[in-house]
Amino acid sequence: MATPNPARDPARVIAVDTHDIRFPTSRELDGSDAMNPDPDYSAAYVVLRTDAADGHEGHGFTFTIGRGNDVQVAAIDALRGHLLGRSVDDLCADPGTLSRDLVGDSQLRWLGPEKGVMHMAIGAVVNAAWDLAAKRAGKPLWRLLADAEPEWLVRQIDFRYLTDALTPDEALTLLRRGREGADGRRTRLLERGYPAYTTSAGWLGYDDDKLTRLARRAVADGFRQIKLKVGADLDDDIRRCRAARAAVGPDVRIAIDANQRWDIGEAIRWTRALAAFDPYWIEEPTSPDDILGHAAVREAVAPVKVATGEHVHNRVVFKQLLQAGALDILQLDAARVAGVNENLAILLLAAKFEVPVCPHAGGVGLCELVQHLSMFDYVALTGTTEDRVIEYVDHLHDHFVDPVVIREGHYTAPTAPGFSATMRPESIARYTYPGGGFWAADLRDREEQTA
Ligand SMILES: [Mg+2]
């Protein structure tokens, strides 16, 4: 029997609260693209509550775009039994054990494995555990990761299915090398932040005047890259790319994003037709599952780069995309895969293959989360921001307690303890679906109109 340790906090996880939060973004066409014409940006949100004296909670969520959110919340609810009663000390000392227990639940694993709704639910819960760990450590998550021992970080990763491309020893070597000079980079990060690009100018539902105005403003605000949604109509895309290029000049990068709209041949023809406007990357040209298709597009559209990742299910698919030479830019997402632990594996894979990571963000709170992963990567893994930018979209941040701060086209490094995941209680109350203040009034209005 283990000797009782009087210094040990006996605190346990005592509640797992879930919330279905939806914002009515479809009314302004914010977030509209070729595959998602009417998104209501939503969060399936989870709060881990404990009986610890410090009162800290772990907050996490995953991002959906409307009606799928009730399915997503139900998936998080299905994980509750793994959490209740867990020691808070153990959870925070080793979130990897929670991650492995959740991924390994054999009855739920059948729904994937390691993909889709259940995997995203695991991501929300695992990220909530990391938020709690960082709050208890009194550090922003990026700092907790950057200060951690390389050996401990390696133990946080599930290397199953990865060792043909990345072994634990190789990961350890990368992390040890990443620590050299980390103090100086941490100082520089706190001084000037991490480079961002903006997608806010280029939603498909915006007219040319609005696009031009927002693109000019982005450059004036210090961004060196913008992104346009494409893929619905080629003539429209040619006109919009021309307008954007005229607005930003030759030196600002323009990325284009088709949101999986095309077959392979169409992706190649369409991207070539837009090549005259010097797009930096074509994002999600086709199905995120089509590894060989991405490789074919990449070969055909060079020097335009191929970017993907926001819908890539897990570390195994990322491994294959890298092995197949199918992408130039890896766009991990903080809340699509199984949380921080799996994203550590993905960051290490990208570092091994020397492919820059430019994370997907936007949605609800994805900017708040993913900045921590890129900042860790800069301080203590790859040590560079060269050709690396984090996506930025400028809405819904005011619903968060520690919203991202953009200064001169850079994400300012968060200093508050945690994963920046905590949403304001009044926002949760107002936008909970269907009973929150906003939606209750909205449903009442609609009933009156149809009566
Ligand atoms: Mg995208």
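Residues numbered from 1 in each chain as written. Predicted model: local features only at pLDDT ≥ 70, side-chain atom pairs only at ≥ 80, totals over all residues.

- Taking an unreviewed UniProt entry as the reference, the protein is identified by name as L-fuconate dehydratase belonging to Streptomyces bobili.
- UniProt, in its Cofactor (unreviewed entry) section for the protein, records the words "Mg(2+)".
- Listed under Catalytic activity (unreviewed entry) in UniProt, the entry text for the protein is "L-fuconate = 2-dehydro-3-deoxy-L-fuconate + H2O". (UniProt positions renumbered as here; feature names shortened; annotations may be inferred.)

## Considering the UniProt feature "domain: Mandelate racemase/muconate lactonizing enzyme C-terminal" (unreviewed entry) in the protein
- This chain's UniProt record puts "domain: Mandelate racemase/muconate lactonizing enzyme C-terminal" (unreviewed entry) on residues 208-304.
- Secondary structure over residues 208-304 splits into 52% helix and 15% strand, and the C-alpha atoms at its two ends are 24 Å apart. (Helix = DSSP H or I, 4+ residues; strand = E, 2+ residues; numbered from the N terminus.)

## Let's talk about the pairing of strand E2 (residues 42-50)
- Extensive coverage of E2 is indicated by the burial of eight of its nine residues.
- With nine bridges joining them, strand E1 (residues 13-22) and E2 adopt antiparallel strand pairing. Looking across to E2, one finds that Asp 20 is bridged to Ala 44.
- Sheet analysis places E2 next to strand E3 (residues 58-64), joined by seven bridges and oriented antiparallel. When the sheet's bridge partners are listed, Ser 42 is paired in E3 with Thr 64. (Buried ≥ 20, exposed ≤ 12 C-beta atoms within 10 Å, placed from the backbone. Pairing = 2+ DSSP bridges.)

## Section: the pairing of strand E8 (residues 305-308)
- Inspection of the sheet shows strand E7 (residues 279-283) paired to E8 by three bridges, in the parallel sense. The partner of Trp 281 across the bridge, within E8, is Lys 305.
- In the classification by handedness, the crossover that spans E7, the intervening helix H14 (residues 291-301) and the parallel E8 is right-handed.
- The sheet contact formed by E8 and strand E9 (residues 329-330) spans two bridges and is parallel. Across the sheet, residue Thr 308 finds its bridge partner in E9, namely Leu 330.
- Crossover E8 to E9 through helix H15 (residues 315-323) is right-handed. (Right-handed = clockwise from strand over helix to strand, strands pointing away.)

## Regarding unusual backbone geometry
- Backbone torsion omega between Gly 112 and Pro 113 reads -5 degrees, so that peptide bond is classified as cis.
- By secondary structure assignment, the location of Pro 113 is in the loop between helix H5 (106-109) and helix H6 (116-137).
- Omega for the bond connecting Ala 302 with Pro 303 falls within 30 degrees of zero, at 10 degrees, which places this linkage in the cis form.
- As for its placement among the helices and strands, Pro 303 is situated in the loop between H14 and E8.
- Look at Tyr 161: it is not a glycine, yet its phi comes out positive at around 75 degrees.
- Looking at the secondary structure, you find Tyr 161 in the loop between helix H8 (150-155) and helix H9 (168-179).
- On the neighbour-count criterion, Tyr 161 (14 C-beta atoms within 10 Å) is partly exposed.
- Phi is positive for Asp 278, which is not a glycine, with a value near 55 degrees.
- Secondary-structure assignment places Asp 278 in the loop between helix H13 (264-274) and E7.
- Judged by the 13 C-beta atoms lying within 10 Å of it, Asp 278 is partly exposed.

## Some details on the environment of Ala 273
- Topologically, Ala 273 is positioned in helix H13.
- With near-sequence residues (within four places) excluded, Ala 273 lies in contact with Leu 234 and Ile 238. (Contact = placed C-beta atoms within 7 Å.)

## A closer look at the domain arrangement of the protein
- When cut into domains, the protein gives domain 1 (13-139) and domain 2 (177-426).
- Each of domain 1 and domain 2 was reduced to a C-alpha centroid, and the two centroids are 23 Å apart.
- The interface of domain 1 with domain 2 comprises 37 residues on the first partner and 36 residues on the second.
- Of all the secondary-structure elements, those providing two or more residues to the side of domain 1 that touches domain 2 are E2, E3, helix H4 (95-103) and H6. (Domains from an automatic or database assignment.)

## Focus: H13
- When we look at burial in H13, the residues that qualify are Ala 267, Ile 268, Trp 270, Thr 271 and Leu 274.
- Next to the buried residues of H13 lie helix H12 (234-248), strand E6 (253-257), E7 and H14.

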